[in-house]
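What follows is each chain in one-letter form.
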Amino acid sequence: MIGNGQSAGRSGSQLWALLWALTMSVASLQAGWAQQPVRAYLMTSTAASPLGPSVELHIINTSDYELRFTGTLYNTQGARLGESGKALSDLPVNAKGRLVLTSSELEERFGVGAWVQPAMLEIMSDIDGAPFVAMVKLRSSPGAAPTNVNCVAEGAVHNIAGMDQPDRTFVRFINTGFDAISDVRGTLRDAGGNIIGLANSALLPSLGPKEHIWVSGQELATRVGGAWQGQASLYLSPHFGLELMNMNLSATGAFDNFSCHEKARDGNRFVSEASYTVTFTARWTSEIHDSVPASSHFTTLVGAATNGRANLWMPGELASAGLENVAELGQTGQFLNEIGEAMSNMTAASPVISGGTGSTGTSVFELNLSRAMPLFTFASMVAPSPDWFVGLSEFPLLDKHGGWVGDTGHMNLAVWDAGTETGNRFSLSGTATNPHQPIRQLTAQIGDADIVNGVVNGKYLATIRFQRNP
């Protein structure tokens, strides 16, 4: 259903707005930024679920022109339900109008049966950058009033009900990204700011792409090793794409969402430059990966801060001559020349070089970033190998609010295949690939090593951590 009726065409002002939006869309793509979806986090179905079946999704078009909306639905394990990018209505939604969809209408539109646990819906408009709002109205019990529950927080939630409270607490951990999140840790603090149990406790070993998991207050108490009275706050280790939802279940059976709150602005987050201590840690051991080839090591780390247009290396594209030399031989000279060319084109900053490590050990270096160059790209050869390497491509150190990330924690690094040499063992004796193939995460069976999407025998070979300097 669409508010304010339908229109057959666009008015003159709407066409001007459309042209402006399309211009902004092209500019954003040229700047290297992709459109981000608006998410509805608690999409219940007509099946029984912990939050009840009565839900309405409201998509409000706050722009000045008509919009069409598409959606992609994910269940709690992160698996897609139905088609990707499914049209959410047959007609466009008027400027300032709204689209309302019930659970049964969503099930019909996606062509799927009723799901059980609340799903996540990612919504896109047909015009990049057009403003719109998603609201989920939920009646969580027969006697409860419908409320908007579509609120999430980043980094912390602040209404974790204690054991003496009549309400039961639940925290929903949501991975909005396409990469798995590992080692989610957190610290609970009571009203006096005191740590409950152990600081930086392990809360979740992993959270798959698009996966979302409920954790109860009692489960939190077990995982941190301590109970509390009154209200507590949960502070998480930072992970890109990780969102939190704090809901309390009252004695009446109604859910209240306490994830919306106003934060004081931290002026330091919006400074123009930031400095980081970066720690690369090699973790390639026989205890973890079953076997390690002789003389295994990681070569010199080489990279640079970029603005998203340097294209030093990108998944799915062909490797440059510089990356080929790094991945096959561990040689950095040509890659440094390519960074120099990017510097002359104003797409990269000065190169960063750090010594490699053996199969275990650390390499620590300093990284300086600016708002003009907020991304980081680097590569290091996995040696010995035909053309395999670890690295990051245009990794952002600005969060979605425009602030500098404080501490990423230890992030896993996949093994990449540069696509320039053919070989099926940890050796330098590969043969040239003709023609070259696009860069991709390595998948291969090499002796005792079962490598799937860059992960060796289920474990990563190395991690990297960015810690912002005071």
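In this text, all values refer to a predicted model and were calculated from it rather than measured experimentally.

### Comments concerning the overall build of the protein
- Along the protein, the regular secondary structure elements total 6 helices and 33 strands.
- Within the protein, buried positions represent 50% of all 470 residues.
- In the protein, of all internal contacts separated by at least 6 residues, the share reaching a separation of at least 24 is 75%.
- Accessible surface, the protein as shown: approximately 20,800 Å² in total, 53% of it carbon and sulfur.

### Brief notes about the side chain of Ser-125
- The topology assignment puts Ser-125 in strand 6 (residues 119-125).
- We classify Ser-125 as buried; its relative accessible area is 8%.
- One polar contact links the side chain of Ser-125 to the main-chain carbonyl oxygen of Ile-127, over a distance of 2.8 Å.

### Let's talk about the sheet that holds strand 31 (residues 449-452)
- Taken in spatial order, the 3 strands line up as 30-31-32 in an open sheet, and their pairing is antiparallel. In this open sheet, the two strands that pair with only one neighbour each are strand 30 (444-446) and strand 32 (455-456).

### With respect to the pattern of salt bridges
- Taken as a whole and judged by the stated rule, the model has 8 salt bridges.
- Between Lys-96 and Asp-64 there is a salt bridge; the shortest N-O distance is 3.3 Å. Here Lys-96 is found in the loop between strand 4 (80-87) and strand 5 (98-102), whereas its partner Asp-64 is found in the loop between strand 2 (54-61) and strand 3 (69-74), with 32 residues between them in sequence.
- Residue Asp-64 is classed as partly exposed on the basis of its relative accessible area of 49%.

### Quick word on the side chain of Asn-150
- Mapped onto the fold, Asn-150 is located in the loop between strand 8 (147-148) and strand 9 (156-161).
- For Asn-150, a relative accessible area of 13% gives the class buried.
- A polar contact of 2.9 Å, which involves the side chain of Asn-150, links it to the backbone oxygen of Arg-39.
- Among the polar contacts listed, one links the side chain of Asn-150 to the backbone nitrogen of Tyr-41, at a separation of 2.8 Å.
- Asn-150 has contacts with Arg-39, Ala-40, Tyr-41, Leu-42, Ala-134, Met-135, Val-136 and Asn-257, leaving out every residue within four places of it along the chain.

### Notes on the packing of helix 5 (residues 321-329) against helix 6 (residues 333-344)
- Running from N to C, helix 5 and helix 6 point in directions that differ by 150 degrees, and their axes come no closer than 7 Å. Relative to helix 6, the element helix 5 is oriented roughly antiparallel. Remark: the crossing between helix 5 and helix 6 carries left-handed chirality. Across the interface between the two elements, Ala-321, Gly-322, Leu-323, Asn-325 and Val-326 from helix 5 touch Gln-334, Phe-335 and Glu-338 from helix 6.

### A look at the packing of aromatic side chains
- Inspection of every chain in the model, using the stated rule, returns 14 aromatic pairs.
- With centroids separated by 5.5 Å and ring planes inclined at 75 degrees, the aromatic side chains of Phe-280 and Phe-298 adopt a geometry described as edge-to-face. Here Phe-280, found in strand 17 (residues 273-283), pairs with Phe-298, found in strand 18 (residues 297-298); they are 18 residues apart in sequence, far enough to count as distant. Each member of the pair Phe-280 and Phe-298 is classed as buried.
- An aromatic cluster is defined as three or more aromatic residues linked by ring pairs; in this entry it consists of Phe-240, Phe-280, Trp-284, Phe-298, Phe-365, Phe-376, Phe-378, Trp-388, Phe-395, Phe-426 and Phe-466.
- Geometry around Phe-178 places Lys-210 over its ring, the cationic atom sitting 4.0 Å from the centre.

### Some details on the pairing of strand 31
- Along strand 31, the buried face is formed by Ala-449 and Ile-451; none of Asp-450 and Val-452, which line the opposite face, is buried.
- Inspection of the sheet shows strand 30 paired to strand 31 by 3 bridges, in the antiparallel sense. Bridge pairing in strand 31 links Gln-445 to Asp-450.
- Remark: 2 residues form the turn of the hairpin made by strand 30 and strand 31, two consecutive strands paired antiparallel; Gly-447 in that turn has positive phi of roughly 60 degrees.
- Looking at chain direction, strand 31 and strand 32 are connected through 2 bridges and run antiparallel. The residue bridging Ile-451 from the neighbouring strand is Val-456, located in strand 32.
- The hairpin formed by strand 31 and strand 32 contains 2 residues between the paired strands, and Asn-453 there has a positive phi angle of roughly 50 degrees.

### Focus: the sheet that holds strand 33 (residues 462-468)
- The sheet built from 4 strands is open, its strands ordered 22-17-33-25 with antiparallel pairing. A single partner strand is all that each edge strand has here, and the edge strands are strand 22 (360-370) and strand 25 (411-413). Going from strand to strand, the sheet's axes swing by 25 degrees on average, the running direction of each strand aside.
- Relative to strand 33, strand 25 is paired through 3 bridges, and the arrangement is antiparallel.

### Digging into helix 6
- Between the first and last C-alpha of helix 6 there are 17 Å, a value that for 12 residues agrees with the 16 Å anticipated at 1.5 Å per step.
- Turning to helix 6, its buried residues number three or more, namely Phe-335, Glu-338, Ile-339 and Ala-342. Projected down its long axis, helix 6 shows its buried positions confined to an angular sector of 100 degrees, all on one face.
- Summarising the contacts, the buried residues of helix 6 are in contact with strand 19 (301-306), helix 5 and strand 20 (348-354).
- Met-346 sits one or two positions beyond helix 6 and adopts a positive phi of about 65 degrees.

### A closer look at helix 2 (residues 103-110)
- Regarding helix 2, the residues found buried are Ser-103, Leu-106, Glu-107 and Phe-110. Buried residues of helix 2, viewed axially, fall in a sector of 100 degrees; they line one side.
- Backbone geometry just downstream of helix 2 places Gly-111 in the positive-phi region, at approximately 70 degrees.

### Regarding the environment of Met-245
- Within the secondary structure layout, Met-245 lies in strand 15 (residues 242-249).
- For Met-245 and Asn-257, which are 12 residues apart along the polypeptide, the C-alpha to C-alpha distance reads 7.3 Å.
- Residues contacting Met-245, with those up to four places away along its chain left out, are Tyr-41, Leu-42, Val-149, Cys-151, Val-152, Phe-170, Val-171, Arg-172, Ile-174, Asn-257 and Ser-259.

### What about unusual backbone geometry?
- Along the chain, Ala-383 connects to Pro-384 via a cis peptide bond; the corresponding omega equals -5 degrees.
- As for its position among the elements, Pro-384 is in the loop between strand 23 (375-383) and strand 24 (388-396).
- Of note, the amide linkage connecting Asn-434 to Pro-435 takes the cis form, showing an omega dihedral of 0 degrees.
- Its place among the elements puts Pro-435 in the loop between strand 28 (431-432) and strand 29 (440-441).
- The phi torsion at Asp-183 lies on the positive side, around 55 degrees, for a residue other than glycine.
- Assignment of secondary structure puts Asp-183 in strand 11 (residues 181-189).
- Judged by its relative accessible area of 36%, Asp-183 is partly exposed.
- In this structure, Asn-457 is a non-glycine residue whose phi angle is positive, near 50 degrees.
- Inspection of the secondary structure assignment puts Asn-457 in the loop between strand 32 and strand 33.

Cut-offs used in this document
Residues numbered from 1 in each chain as written. Predicted model: local features only at pLDDT ≥ 70, side-chain atom pairs only at ≥ 80, totals over all residues. Heavy atoms only, no water. Helix = DSSP H or I, 4+ residues; strand = E, 2+ residues; numbered from the N terminus. Buried < 20%, exposed > 50% of the residue type's maximum accessible area, 1.4 Å probe, protein only. Contact = heavy atoms within 4.5 Å. Areas by Shrake-Rupley, 256 points an atom, 1.4 Å probe, with all protein chains shown as cover. Polar contact = N/O pair within 3.5 Å; in protein donor to acceptor, adjacent residues only side chain to side chain. Pairing = 2+ DSSP bridges. Salt bridge = Lys/Arg side-chain N within 4 Å of Asp/Glu carboxyl O. Axes fitted to C-alpha atoms, helices over the stretch in contact; angles between N-to-C directions. Parallel < 35°, antiparallel > 145°, perpendicular 65-115°, else oblique. Left-handed = near helix turned anticlockwise from the far one by under 90°. Phe/Tyr/Trp six-rings, centres within 6.5 Å; stacked < 30°, edge-to-face > 60°. Lys NZ or Arg CZ within 6 Å of the ring centre and 35° of its normal. Expected span 1.5 Å × (residues − 1). Arc of directions from axis to C-beta.

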